[in-house]
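Structure at a glance
Next come the chains, spelled out residue by residue.
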Amino acid sequence: MPSFFGKLNPNGRLVVVGAVAGQPPADFGTAMMAAFRRSLTFATFSADTVAGPSRRAVRAEQFAAASRGELRTVVHEVLPLEQAVPAHRKMDAGEVFGRIVLTP
């Protein structure tokens, strides 16, 4: 994630939802301090901060939209199952936007 800080303009903001790359690297704190010096911010979002009734209403609408065929999955790449190890390496390296689909 620190590599993204270098791509932001001054006063830029990086927002992460559903990060799949695992724990941040050891130098993450150092990268964040350098980003703060450039007035960059890092924000996260957790569905746990949304009240239960509101969260259930949004989920119900999402399921309804999915059943109507209105939602599309972002697929980064489709690979054969034998490529599972390189696929995980790509995800760990942060090279993936969307999902990698493994096929039998």
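This report concerns the structure included in the present document. The model shown is predicted, which means the values in this text are computed figures rather than measured ones.

1. A few points about the overall build of the protein chain
Regarding its fold elements, the protein chain presents four helices and four strands. Ordered by position in the sequence, the α and β elements of the protein chain form the string α-β-α-β-α-β-α-β. Going through the 104 residues of the protein chain one by one, you find that 15% of them count as buried. In the protein chain, the proportion of contacts linking residues at least 24 apart, taken out of those at least 6 apart, comes to 53%.

2. Structural notes on helix H3 (residues 52-67)
The end-to-end C-alpha distance of H3 is 22 Å, a good match for the 22 Å that 16 residues give at a rise of 1.5 Å each. Phi for Gly69, located one or two positions after H3, is positive at around 75 degrees.

3. Re a nonpolar patch on the surface
On the surface, a nonpolar cluster with roughly 220 Å² of combined accessible area is contributed by Val75, Val78 and Val101. In this fold, Val101 is placed in strand E4 (residues 99-103). Accessibility expressed as a relative area gives 31% for Val101, which makes it partly exposed.

Criteria and cut-off values
Residues numbered from 1 in each chain as written. Predicted model: local features only at pLDDT ≥ 70, side-chain atom pairs only at ≥ 80, totals over all residues. Heavy atoms only, no water. Helix = DSSP H or I, 4+ residues; strand = E, 2+ residues; numbered from the N terminus. Buried < 20%, exposed > 50% of the residue type's maximum accessible area, 1.4 Å probe, protein only. Contact = heavy atoms within 4.5 Å. Expected span 1.5 Å × (residues − 1). Patch = residues over 30% accessible without salt bridge, like charges linked within 9 Å, V, L, I, M, F, W, Y side chains within 5 Å. Areas by Shrake-Rupley, 256 points an atom, 1.4 Å probe, with all protein chains shown as cover. Salt bridge = Lys/Arg side-chain N within 4 Å of Asp/Glu carboxyl O.

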